[in-house]
Structure formats: C-alpha cells, structure tokens
Amino acid sequence: MHQFKIEPMFGTDHWEVAGYHIPFTNSSLWMAIATVVLFIFVAGGMKRQLVPGRWQMAVESMTGFVDGLLSANIGKAGKKYVPYVFSLFMFILFANVLGLLPLGLIPGVHPFTFTSHFTATGVLAIMSFAIVLIVGFWKHKLHFFSLFIPHGTPLPMIPLIFVIELVSFMVRPFSLGLRLFVAMMAGHVLLEVLSGFVISGINAGLGIGPVVSVLSFALMVAICALEILVAGIQAYVFALLTSLYINDAEHLH
C-alpha cells in the first residue's frame, strides 16, 4: 500500500501554523500539478480564433460538453454553473489521468493519485454540497425544506418521510466522494496485486511461473486501458451528480 502513503516533501515535515501540522505532501504536490495543467489547458483554448486550432477546439468541446450536461439536467439556469462544474470535471479528470502516467520508469519519480484518498474526494464533494445548500436557501429560504417532503405525501407520514429524506440528503456528499475514492483506489490496488504476480512468476523460474507472469502482464495491460476509461467515467459521474443535486436546489419538486 506504499503507493497510497502520504509523505511530506521538500523538508516541510515540521511546518506548523497555529499549532497545526501542515507539511507540503506528495498529495499537495499532485493537486498543484493538476491545477497547473488545468490552467494551461484552459489558457491554450482562449485564443478565440475564427478557425480554431486543435487545442482551442479541445477546450471548446469540453466546455460545450459540460454546458450540454447542465442544460439537460438544470435547464437555462445551468449556464451560471458551467465554470464551476467544468473546473471540477477537468480537475478530477486530470488528477485521475496524471496518476496513471508511467513515471515510475524514472528513478525516484512516481505519480500519486490523490483522488484515491477520501480526504481529497470528500472535500470536493462537500464543496459541491455547500453550493447546493447555498443556492437552495438563497432562492427558496425555508421553503427549501419542502424538498424533503415529496408531493402527495399523506399527512401522518410526513414526519417519517421528512426524516428519511433528510438523512438521504445529508448522505449525498459522503456517497459522492466515496464513489470516486473507491473506484480509483480499487484499480490501483488491482494493478499492484497483478504486478506482484508478474514478479513472483518470474522469480519462480521454470514451470507454471512464466505462464502466470505472461497472463498477469496481459491482464495488467487490459486493466490499464480500463483505468483510463474509468478515469473519464468517474469525472463525468461526479459532474453529473453535482448537476443533479444543483437541479434539486434550483427547482424544488
């Protein structure tokens, strides 16, 4: 499990602010790298050329994709959330993909997938959940609580249904962050296990060992391809669920 270990970097293991230990870790480093890559990606697509180049077309395609997602789930009101959801989607996508880079081939360098930690995905989920609460109470005031009472609920059932719906609503940020964390961590653990089979098969010498190594390596290649697909799917699912939750706040049902 060494690949998931968070370690201080650049001699910051003794940094403290107001009595709190806040070193600059490998997780922080890869968050910063993902942020820089996101800024470079967006900056490259802001040329606004009449005939867009490949880079500008890529950025416009991604913004158009997110805009279409929000329009389908929220409607015209979704326009104002495009910058946030686009940034969220691309940040998670870059984080997932950067964690799959084969940088381990360079001595002393290895990628770190911070989305495989619930602390990171949980904060992203809480940010989205906070927007839902702010929008909900800003637009609907106390009428926002009607979200927890489905239309047509019998009067005697209202207290019970309200509690159930409220608990279900409060669990949303947990499930949102947990889904991304589990998907990314499981894939990396599986690759680690298979790589162990490859090495063990080679060390076993003749017999069934080489066969196990070859089969495990072939499976690793297939899973690496699947991991790239999962990286995109999980970023999309996170953005999709965020848009659905915002829709609940925008349009009470």
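Predicted model, so just to flag it, every value in this text is computed and none were measured.

In terms of helices and strands, the protein carries six helices and two strands. For the protein, the C-alpha atoms occupy an extent of roughly 75 × 55 × 45 Å along the three principal directions. A buried classification covers 38% of the 253 residues belonging to the protein. Considering only contacts within the protein whose residues lie at least 6 apart along the sequence, 65% involve residues at least 24 apart. For the protein, the accessible surface area stands at approximately 14,700 Å², while carbon and sulfur atoms represent 76% of it. Of the charged side chains in the protein, 11 are positive and 10 negative, and the gap between their average positions amounts to 14 Å.

Before going further, it helps to spend a moment on the pattern of salt bridges. Under the definition given, this model contains four salt bridges. Residue Asp-67 is joined to Lys-79 by a salt bridge in which the shortest nitrogen-to-oxygen separation is 3.0 Å. With Asp-67 in helix 2 (residues 54-73) and Lys-79 in the loop between helix 2 and helix 3 (82-98), this pair connects stretches of sequence that are twelve residues apart. Asp-248 serves as the salt-bridge partner of Arg-172, at 3.0 Å between the closest nitrogen and oxygen. Pair noted here: Arg-172 is in helix 5 (residues 158-203) and Asp-248 is in helix 6 (residues 209-250), with a separation of 76 residues, a long-range link. Among the residues examined, Asp-248 registers a relative accessible area of 13% and is labelled buried. Residues joined in a network through salt bridges with shared partners are Lys-80, Lys-139 and Glu-250.

Turning next to the layout of surface pockets. By volume, the second largest pocket is sized at about 230 Å³. Taken together, Met-31, Tyr-84, Ser-87, Leu-88, Phe-91, Phe-114, Thr-119, Ala-120, Val-123, Leu-124 and Met-127 make up the full set of residues lining the second largest pocket. When contributions to the lining of the second largest pocket are tallied by element, the ones reaching two or more residues are helix 3 and helix 4 (118-140). Here the lining of the second largest pocket gets five residues from one element, more than from any other, and that element is helix 4. Residues of the lining of the second largest pocket, tallied by class, amount to nine nonpolar, two polar and no charged.

Taken together, the side chains of Val-193, Phe-197, Ile-208, Val-211, Val-212 and Leu-215 present a nonpolar region at the surface, about 550 Å² in accessible area. Listed by contribution, the elements that provide at least two residues to the nonpolar patch are helix 5 and helix 6. Broken down by element, the nonpolar patch gets its largest block of residues, three residues, from helix 6. A residue is classified by how much of its surface remains accessible, and Val-212, at 33% relative accessible area, is partly exposed.

Time to look at the nonpolar core. Ranked by internal contacts, the top residues of the largest apolar core, which has 45 residues, are Met-90, Phe-114 and Phe-238. Of all the secondary structure elements, the ones that give two or more residues to this core are helix 1 (26-44), helix 2, helix 3, helix 4, helix 5 and helix 6. For this core, the element with the highest residue contribution is helix 3, accounting for 13 residues. Apart from the residues within four sequence positions on either side, Met-90 is in contact with Leu-38, Phe-41 and Met-62. If you look at the next biggest cluster of nonpolar residues, it comprises five residues, including Leu-191, Leu-194, Val-198 and Met-220.

Attention now moves to the environment of Pro-83. Within the element layout of this structure, Pro-83 appears in helix 3. Given a relative accessible area of 54%, Pro-83 falls into the exposed group. Considering only alpha carbons, one finds Pro-83 and Ser-195, 112 residues apart in sequence, at a separation of 40 Å.

Next up on the list: the environment of Pro-107. As for its position among the elements, Pro-107 is in the loop between helix 3 and helix 4. A relative accessible area of 75% places Pro-107 in the exposed class. Measuring from C-alpha to C-alpha, the distance between Pro-107 and Pro-52 comes to 39 Å, with 55 residues separating the pair along the chain.

Our focus in this paragraph is unusual backbone geometry. Negative phi is the rule for most residues except glycine; trans is the rule for most peptide bonds. A positive phi angle, near 55°, is found at Lys-141, a position not held by glycine. Along the chain, Lys-141 falls in the loop between helix 4 and helix 5. In this structure Lys-141 comes out as exposed when scored by relative accessible area, which is 54%.

For helix 2, with 20 residues, the first-to-last C-alpha span of 29 Å sits near the 28 Å given by 1.5 Å per residue. Looking only at helix 2, the buried set comprises Gln-56, Val-59, Val-66, Asp-67, Leu-69, Leu-70 and Asn-73. Down the axis, helix 2 shows its buried residues gathered within 160° of arc, on one side only. The exposed set on the far side of helix 2, more than 90 degrees from its buried face, consists of Arg-54 and Ala-72. Of the surrounding elements, those touching the buried residues of helix 2 are helix 1, helix 3 and helix 6. Residue Gly-75 follows helix 2 closely and has a positive phi angle near 100°.

Rules behind the numbers
Throughout, a residue's number is its position along its own chain's written sequence, starting from 1. In view of the model being predicted, local features appear only for residues whose pLDDT reaches at least 70, and side-chain atom pairs are presented and counted only at 80 or more, with totals across whole chains, interfaces and linings using the full set of residues. To obtain the side-chain values, all non-hydrogen atoms of the structure were used and water was disregarded. Secondary structure follows DSSP: runs of H or I at least 4 residues long count as helices, runs of E at least 2 residues long count as strands, and numbering of each begins at the N terminus. Buried, partly exposed and exposed residues are distinguished by accessible area as a fraction of the type maximum, computed with a 1.4 Å probe on protein chains only: under 20%, between the cut-offs, and over 50%, respectively. The criterion used for residue contact is that any of the two residues' heavy atoms lie within 4.5 Å. In this description, accessible areas are obtained by the Shrake-Rupley approach with a 1.4 Å probe, and a residue is regarded as covered only by the protein chains that are shown. Within this scheme the basic residues Lys and Arg register as positive and the acidic residues Asp and Glu register as negative, but His and the chain ends are omitted. The location of each charge is read from NZ of Lys, CZ of Arg, CG of Asp or CD of Glu. Criterion for a salt bridge: a side-chain nitrogen of Lys or Arg within 4 Å of a carboxyl oxygen of Asp or Glu. Cavity means a closed set of points on a 1 Å grid over the protein atoms alone, one where a 1.4 Å probe fits but cannot get out, pocket means an open set with protein on both sides within 12 Å along at least 5 of 7 lines, and lining means a residue has an atom within 4 Å of a point. Grid points are joined across faces, edges and corners, and a volume is the space filled by probe spheres set on the points. Three residue categories are used. Nonpolar comprises Ala, Val, Leu, Ile, Met, Phe, Trp, Tyr, Cys and Pro, charged comprises Asp, Glu, Lys and Arg, and polar comprises the others, including Gly. The patches reported here contain residues having more than 30% relative accessible area and no salt bridge. Joining distances are 9 Å for like charges and 5 Å for nonpolar side chains (Val, Leu, Ile, Met, Phe, Trp, Tyr). Side-chain atoms within 4.5 Å link the members of a nonpolar core, which is a set of buried Ala, Val, Leu, Ile, Met, Phe, Trp, Tyr and Cys residues. What a helix should span is 1.5 Å times the count of its residues minus one. Throughout, the arc means the angular range of directions from the helix axis out to the C-beta atoms.

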